[in-house]
Structure formats: C-alpha cells, structure tokens
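The lines below spell out each chain.
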Amino acid sequence: MRHEHPHEHPHDHDHEHEHHPVTITLEQNLLAKNDLLAARNRGWLAGRGIQALNVMSSPGAGKTTLLVRTLTDLGAKLQAGVIEGDQETSLDADRIRAVGRPVIQINTGAGCHLDADMLQRGLDALDPQPGSTVFVENVGNLVCPALFDLGENAKVVIISVTEGDDKPQKYPHMFMAADLVIVNKSDLLPYVDFDVDDCLRQIRQINPRTDFLVLSATTGDGLAAWYDWLDGSTSRSDSLTESLSDAH
Amino acid sequence: MAGRSASMHELSITQSLVDAVLERTGERTVTGVNLRIGPLSGVLPDAMRFCFDIVSADTPLAGAQLKIDEPRGLARCRNCRTEFELNDPILLCPCGSADVEVLSGRELMVMSVEVA
Ligand SMILES: [Zn+2]
C-alpha cells in the first residue's frame, strides 16, 4: 500500500488498514524445557538411589584418566557405569570399556554440551543398577555445560595445573555451578606456574560452598580424598545427601 | 569472555526459544521477539542475535525483530546488608565479603512476541 501524498503524517498512517500486530505474553524461561526434563531425571535417579555425577573440564584436563583410574582402583567396591559425551570420537568410551565397565557413548556432533534429554536417553541405554553410581563425562568445554542441568546429583569440575590458574576467572559460570572442583596433575606443580592457593581464592569468590581437592590421577597422589568424597564421607552438596537418604 | 566458537550453547538456547514461540504462535508470522537476558545468565546477547538469524530461517519467525532487554545485576551482601550492582559472576561485596545473595541478573526469558 503506497501513499502518493508527501510524508507529513506520522509513519503509522501507512498501516491504518492493515492488521495491527498483536502482542502475546509468554514470560517463559528459555531453559524451562531442559529443566523440566532434568527434574524428571533427578526423580528417576533418586527413586533408584543412583548417584549421577556430571564431570566437566576443558579438553585434556584428565577426566577420562581419572575415571579409568577410579574404576580400576575401586574395582567391585564401586558399582558404576559411564555415559560419555563426545563430539565425534569414541576413544574415551573405548578406554572405559577396556576397564570392563558398562559405557554408553553419546555423540553430540556439533553440540558443545549434554542436555537433560541426552542424559535421559543415556540412562535408558545404560540401565544402571539401583544404588549404583553413574559418571557422566560431559563434552570437554568449560562454557556451555554449565548452563544445562542434567538432573545430576553433583557437578564435578576438573582443571589441570598445566592450564594456568586463571580458569575460575575466565569461566566463572562453570565454577559457580560446581559442587566439587578437582585440580588434577598435581605431580607437575613443581614444573608449571600454577598457584593452588590463588586458584582456590578465586574459586571461593565465585562459589564459597564448593568442595576442593588437589590430586594426580597419574601418580595416585590425593586420590584417597577423592574416593572419600565419592563415598559421601566428606562434605557433599545437600541435594545429593538428601536424594540418597530419601532412597534408603 | 570466551569467543564465539566456545559460546555456541546460545545455539541450542536459541533453538529452545524458537520452539517455545512456535508452540504458542503456530503458523502465524512473528514480527518481534522480546527477550530479557541478565548479565549473570551465562548467555551473551550478541551471540543470541547471531544465532537467531540462523535458527529462525525458514520458520514463521524469520526476519522477526529481536529486542533484548538487558537488566542490571543486583546483589545484597549477607554480611553488611549493602545492595550493590553486580555485572559479572564474581560475587564480591565492596566490604570484602563473598557471602552475597544475587537479587537479579540471572534472567534468561522470552517475555512476549508480536504476531502480524
Ligand atoms: Zn558487604
């Protein structure tokens, strides 16, 4: 619709005969759908007394090495399965499988994180035993996984001393969400510029409540504290303690 | 902050946005989408704009104007009770305490849409 007379009228005169736009109110959280599925996963896990740990790190921090070592050391004492989120390969899953534990591979393709729907499908496929532990190895990335609740009992964030001690400042959302922060590769501390105290101080500024461990998955140094944490004998996030005691 | 390649969770969040809108508006042409994204939400408005053009293509949202309201972050110190502005997730009161309650800034919402 074109008006030939000069434009002395306000602009909306042009639209006089058209339908006016209608505003529809939604007021909806953009993560609502994921959070609903996460809540469903959380209930499913609690009902079976299964603890699911969402393990996150940047690539190369040693997630898989720590899991392989943990499954080997604890042997039959820890009934556990693993859900592996990987963008393309199944190399990490192959390493877990070699330890003789059930593992489900989820290829996220271009996706940079697991979401609650993927965990649900992973749990369906893994079919974990009541009372067991499920390690969810998230895609190696400290940004995106922080935003997506999976319905896990606790979020474990691993950084390694070779990455530099400014990770908490660079990726605050991840550290804000963490129930446990592990500093891995402590055997390399004498050779790198990484200040453990300063790193902890930064983490405390972002998240005063998270647990904190320093260990080496390679030499085994500090692993006893990690096994205690897994066992629930050290402090844990309330949600985990509650959901596990609910199930008993 | 991280660069675009590391921030593509905005892509799946934008997909949730488009899904949520389509659930309400169906086949109607959407001309505007009004979002509220707080500075503590973990989502970058610019990355969201970038993703929106890609995700909305070939849907009734294609070409819709994306308006993003960016509220300020606000926190209250549990130690000295001061309220102060907080625009990054470093929860530190000017008094030095990190025992801080976030009052606003975590919003990640679609508020409303305009349909033709
Ligand atoms: Zn204060």
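This is a predicted model, so every value here is computed, not measured.

**Student:** Please clarify how the overall build of chain A should be interpreted in this entry.
**Tutor:** Check the secondary structure of chain A and you find nine helices and eight strands. When the 248 residues of chain A are sorted by exposure, 50% land in the buried category. Sequence-distant contacts in chain A: of pairs separated by 6 or more residues, those separated by 24 or more amount to 72%. Accessible surface computed for chain A: about 11,800 Å², of which carbon and sulfur atoms make up 50%.

**Student:** Explanation requested: the interface of chain A and chain B in the structure shown.
**Tutor:** By a widely used convention, the size of an interface equals the accessible area lost when the partners come together. Each partner contributes to the interface: chain A provides 27 residues, whereas chain B provides 36 residues. On the chain A side of the contact with chain B, Ile24, Leu26 and Leu30 of chain A bury the most area, a combined 25% of that side's loss. At the junction of chain A with chain B, the criterion picks out 10 residue pairs in polar contact (both at pLDDT 80 or more). Sorting the residues of the side of chain A that touches chain B by element identifies strand E1 (22-29), helix H6 (172-177) and helix H7 (196-206) of chain A as the ones contributing at least two each. Counting residues per element, the side of chain A that touches chain B draws most heavily on E1 of chain A, at eight residues. Residues that form the side of chain A that touches chain B fall into these classes: 15 nonpolar, eight polar and four charged. Bridging between E1 of chain A and strand E6 (residues 108-115) of chain B involves six bridges; their strand directions are antiparallel. Within the sheet, the bridge partner assigned to Val22 of chain A lies in E6 of chain B and is Val115 of chain B.

**Student:** What is the right way to read the pairing of strand E2 (residues 65-69) of chain B from this model?
**Tutor:** The side chains of a regular strand alternate between the sheet's two faces. Residues and elements named next belong to chain B. Side-chain alternation along E2 places Leu66 and Ile68 on a buried face and Gln65, Lys67 and Asp69 on a face that remains uncovered. Bridging between strand E1 (residues 30-37) and E2 involves five bridges; their strand directions are parallel. In the sheet register, Val33 faces E2, and the bridge partner there is Leu66. With respect to chirality, the unit in which E1 leads through helix H2 (residues 45-56) into the neighbouring parallel E2 is right-handed.

**Student:** Before we go on, may I ask you to explain the coordination of the zinc ion in this structure?
**Tutor:** Working reference: metal with six octahedral donors, ideal angles 90 or 180 degrees; metal with four tetrahedral donors, ideal angle 109.5 degrees. Residues and elements named next belong to chain B. For the zinc ion, every protein donor is listed as Cys77 (SG), Cys80 (SG), Cys93 (SG) and Cys95 (SG), and the spread of their distances is 2.3 to 2.4 Å. Its four donor atoms give the zinc ion angles of 103 to 118° at the centre, a pattern that matches the tetrahedral case. Read from N- to C-terminus, the donor residues coordinating the zinc ion fall into the pattern C-x2-C-x12-C-x1-C. Placement of Cys80 in the loop between strand E3 (74-77) and strand E4 (83-85) and of Cys95 in the loop between E4 and strand E5 (100-104) is noted, with a sequence separation of 15 residues between them. Looking at Cys80, the relative accessible area reads 33%, which means it is partly exposed.

**Student:** How should I be thinking about the confidence of the model for chain B in this particular structure?
**Tutor:** Detail in the predicted coordinates should be disregarded across regions flagged by low pLDDT. With 93% of its residues at a pLDDT of 70 or more, chain B has an overall mean of 89. The low-confidence segment residues 1-6 of chain B (pLDDT under 50) makes eight contacts with residues lying over four places distant or belonging to another chain.

**Student:** Is there a simple way to explain the UniProt feature "domain: CobW/HypB/UreG nucleotide-binding" (unreviewed entry) in chain A in this structure?
**Tutor:** Using the residue numbers shown here, the UniProt feature "domain: CobW/HypB/UreG nucleotide-binding" (unreviewed entry) corresponds to residues 54-212 of chain A. Measuring from the first to the last C-alpha atom of residues 54-212 of chain A gives 16 Å, for a span that is 32% helix and 22% strand.

**Student:** Explain unusual backbone geometry to me, please; I cannot follow it from the model alone.
**Tutor:** For Lys185 of chain A, which is not glycine, the phi dihedral falls at a positive 65°. Tracing the backbone shows Lys185 of chain A in the loop between strand E7 (180-184) and H7. On the basis of relative accessible area, Lys185 of chain A is assigned to the partly exposed category, the value being 22%. With a phi close to 70°, Arg81 of chain B is a non-glycine residue in the positive phi region. Residue placement: Arg81 of chain B occurs in the loop between E3 and E4. On the basis of relative accessibility, which here comes to 54%, the residue Arg81 of chain B falls in the exposed class.

**Student:** How should I be thinking about the side chain of Ser58 of chain A in this particular structure?
**Tutor:** Residues and elements named next belong to chain A. Following the sequence through the fold, Ser58 ends up in the loop between strand E2 (51-57) and helix H2 (63-74). On the accessibility criterion, Ser58 (10% relative accessible area) is buried. Side-chain polar atoms of Ser58 contact the side chain of Glu163, separated by 2.6 Å. With near-sequence residues (within four places) excluded, Ser58 lies in contact with Lys63, Gly140, Asn141, Leu142, Ile158, Glu163 and Lys167.

The rules behind the values
Residues numbered from 1 in each chain as written. Chains lettered and ligands numbered in written order. Predicted model: local features only at pLDDT ≥ 70, side-chain atom pairs only at ≥ 80, totals over all residues. Heavy atoms only, no water. Helix = DSSP H or I, 4+ residues; strand = E, 2+ residues; numbered from the N terminus. Buried < 20%, exposed > 50% of the residue type's maximum accessible area, 1.4 Å probe, protein only. Contact = heavy atoms within 4.5 Å. Areas by Shrake-Rupley, 256 points an atom, 1.4 Å probe, with all protein chains shown as cover. Buried area = accessible area lost by both parts, 1.4 Å probe. Polar contact = N/O pair within 3.5 Å; in protein donor to acceptor, adjacent residues only side chain to side chain. Nonpolar A, V, L, I, M, F, W, Y, C, P; charged D, E, K, R; others polar. Pairing = 2+ DSSP bridges. Right-handed = clockwise from strand over helix to strand, strands pointing away. Donors = N, O, S within 2.8 Å, 3.2 Å for Na, K, Ca; no water. Tetrahedral: all angles 85-135°; square planar, octahedral: opposite > 155°, others 65-115°. pLDDT = per-residue confidence, 0-100. UniProt positions renumbered as here; feature names shortened; annotations may be inferred.

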